[in-house]
Amino acid sequence: MKHVGRCGATLALALVSVTGAAEAQTWPDKPVRIIVPLTAGSATDVMARTVAQRLTEQLGQPFIVENKPGAAGTIGVGTVARAKPDGYTILVQSSSYTITPITYPNTPYDTLRDLAGVTPLALLPQALVVSPAKGIATMQDLIALAKAKPGTLNYGSAGIGTANQLNAERFRVGAGIDAVHVPFKGTPEVVSELLGGRIDYFFCPINVCLPLINEKRVVALGMGSGRRSAALPNLPTTVELGVPESDYNFWVGMFVPAKTPRDIVAKLHQETAKALGAKAVQDSMAKLGAEAMLMRPEEFDDYIRKEIVTNAALVKAAGITAQ
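The model shown is predicted, which means the values in this text are computed figures rather than measured ones.

## Here we look at the overall build of the protein
- A count of helices and strands for the protein gives 12 helices and 11 strands.
- For a compact globule of 323 residues, the expected C-alpha radius of gyration is about 20 Å, and the protein comes in at 21 Å, within 12% of that figure.
- Residues classed as buried in the protein amount to 54% of the 323 residues present.
- Counted over contacts in the protein with a minimum sequence separation of 6, partners at least 24 positions apart contribute 78%.
- Mean positive and mean negative side-chain charge positions of the protein (31 and 27 charges, respectively) differ by 2 Å.

## Quick notes on the sheet that holds strand β6 (residues 154-157)
- A sheet is described by the order of its strands in space; here 5 strands give the open sequence β7-β6-β8-β5-β9, paired in mixed fashion. Here the strands that pair on one side only, and so sit at the sheet edges, are β7 (180-183) and β9 (219-223). Across the sheet, the axes of successive neighbouring strands diverge by a mean angle of 30°, strand direction being ignored.
- With respect to the sheet, helix α7 (residues 163-175) is in contact with β5 (126-130), β6, β7 and β8 (201-205), its orientation differing from that of β8 by roughly 130°.

## Overview of the sheet that holds strand β2 (residues 63-67)
- Read across the sheet, 6 strands follow the order β2-β1-β3-β10-β4-β11 without closing on themselves; strand pairing throughout is mixed. Looking at which strands have only one partner, the edges of the open sheet turn out to be β2 and β11 (291-292).
- Where strand β4 (residues 115-123) meets β11, 2 bridges bridge the pair, whose relative direction is antiparallel. Looking at the pairing, Leu 123 lines up with Glu 291 of β11.

## A look at unusual backbone geometry
- Along the chain, Trp 27 connects to Pro 28 via a cis peptide bond; the corresponding omega equals -10°.
- By the secondary structure assignment, Pro 28 is in the loop between α1 (2-26) and β1 (32-36).
- Phi is positive for Lys 216, close to 60°, though the residue is something other than glycine.
- Position of Lys 216 among the secondary structure elements: in the loop between α9 (206-214) and β9.
- Of note, Glu 245 is a non-glycine position whose phi angle comes to about 55°, a positive value.

## A closer look at the side chain of Asn 311
- Along the chain, the position of Asn 311 falls in helix α12 (residues 297-318).
- Its relative accessible area of 4% is what places Asn 311 among the buried residues.
- Discounting chain neighbours no more than four positions away, the residues touching Asn 311 are Thr 98, Ile 99, Ile 102 and Tyr 248.

## What to know about the packing of aromatic side chains
- Going through the model one piece at a time under the given rule, you end up with 10 aromatic pairs.
- Among the aromatic residues, those joined into a cluster by ring pairs are Tyr 97, Trp 251, Phe 255, Phe 300 and Tyr 303.
- In this structure, Lys 30 packs its charged tip against the face of Tyr 88, placed 4.7 Å from the ring centre.

## Some remarks on the side chain of Gln 93
- Along the chain, the position of Gln 93 falls in strand β3 (residues 89-94).
- Exposure remark for Gln 93: the relative accessible area of 1% places this residue in the buried category.
- A distance of 3.3 Å separates the side chain of Gln 93 from the side chain of Ser 96, its partner in a polar contact.
- In this view, Gln 93 contacts Pro 37, Leu 38, Thr 44, Ala 72, Gly 73, Val 77, Trp 251, Val 252, Gly 253 and Phe 255; residues no more than four positions away in its chain are not counted.

## Here we look at the environment of Tyr 303
- Within the secondary structure, Tyr 303 is located in helix α12.
- Classification of Tyr 303 by relative accessible area gives partly exposed; the value is 24%.
- For the pair Tyr 303 and Gly 253, spaced 50 residues apart in sequence, the C-alpha separation works out to 11 Å.

## Focus: the packing of helix α10 (residues 262-277) against helix α11 (residues 279-288)
- Running from N to C, α10 and α11 cross one another at 65°; their axes reach a closest spacing of 5 Å. Viewed along their axes, α10 and α11 adopt a mutual orientation that is roughly perpendicular. In this structure, α10 contributes Ala 275, Leu 276 and Gly 277 to the contact, and α11 contributes Lys 279, Val 281, Gln 282 and Met 285.
- Residues that form the contact of α10 with α11 fall into these classes: 4 nonpolar, 2 polar and 1 charged.

Rules of the game
- Residues numbered from 1 in each chain as written.
- Predicted model: local features only at pLDDT ≥ 70, side-chain atom pairs only at ≥ 80, totals over all residues.
- Heavy atoms only, no water.
- Helix = DSSP H or I, 4+ residues; strand = E, 2+ residues; numbered from the N terminus.
- Rg over C-alpha atoms; globule rule 2.2 N^0.38 Å.
- Buried < 20%, exposed > 50% of the residue type's maximum accessible area, 1.4 Å probe, protein only.
- Contact = heavy atoms within 4.5 Å.
- Lys, Arg positive; Asp, Glu negative; His and termini not counted.
- Charge placed at Lys NZ, Arg CZ, Asp CG, Glu CD.
- Pairing = 2+ DSSP bridges.
- Axes fitted to C-alpha atoms, helices over the stretch in contact; angles between N-to-C directions.
- Phe/Tyr/Trp six-rings, centres within 6.5 Å; stacked < 30°, edge-to-face > 60°.
- Lys NZ or Arg CZ within 6 Å of the ring centre and 35° of its normal.
- Polar contact = N/O pair within 3.5 Å; in protein donor to acceptor, adjacent residues only side chain to side chain.
- Parallel < 35°, antiparallel > 145°, perpendicular 65-115°, else oblique.
- Nonpolar A, V, L, I, M, F, W, Y, C, P; charged D, E, K, R; others polar.

Written out as structure tokens, the structure is:
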């Protein structure tokens with residue numbers, strides 16, 4: 001009886017494998033939804049649309065981007081976590097994906113259990129920017145002003161636990177300043193308030209702020225990433241400018257419901273890697289100031305697990321809590 005049981009289990013696994021392979025051969029045979037849990041125009045949204053257009057061309061089915069912002073991305077992520085695991089609902093999210101499990105512990109999904117990584121798409125550096133109307137010319141000026149008037153300056157973010165806030169908190173702690181966090185639904189709203197003078201500073205995704213920097217509508221004080229950006233090679237990082245451990249890597253990645261057949265995940269990874277290698281996509285990424293970042297699905301899952309642990313320590317040190 002035990003022998004029959006083992007044979008039955010082996011046969012069942014073989015059937016699952018064959019079924020998964022068959023599904024991957026026909027996938028996709030209808031439109032695919034890509035959920036972006038941030039507002040249209042955000043860095044994550046732009047990257048998702050760039051890749052979606054290429055996947056549409058490669059696979060002959062529409063890859064349609066749908067924005068579901070709110071609650072630091074948990075609304076959109078939850079939509080994908082609850083979706084049918086058939087490859088027709090995909091998540092593209094920023095690195096805040098590894099922060100929300102810590103700042104929003106009561107989310108109706110489990111990041112590690114309910115979703116699986118496909119691949120990171122790119123690193124998107126962030127620049128520390130201010131409005132010219134503030135009269136702040138350098139990072140040292142900003143720090144001096146914050147120290148002269150503790151608790152009076154504010155900074156914006158695309159939501160609690162987002163990459164903007166984590167970068168700003170690393171900067172705040174490293175610089176030893178006191179500033180008030182003002183969260184918004186997305187990056188475009190923060191930029192609007194920054195330009196209007198109601199937000200003092202912002203760690204802005206480079207694709208959003210680069211045109212504003214070139215048009216002198218904002219002043220760039222430093223790069224918030226671990227290294228300088230090719231788009232702004234003469235702009236030092238905040239670490240180079242004297243604020244230790246103020247860097248933060250803002251990445252954008254692709255995920256699917258955890259039970260999605262592995263053959264479909266493998267095909268999606270392969271096609272996404274192909275899309276990222278296309279010259280048109282690489283040219284678009286260069287305009288965004290994005291840097292290529294590609295991992296196999298299992299590597300990305302491991303990266304996510306490790307980053308959650310690292311971010312838990314950062315969130316605790318910065319005292320970040322959901323509001």
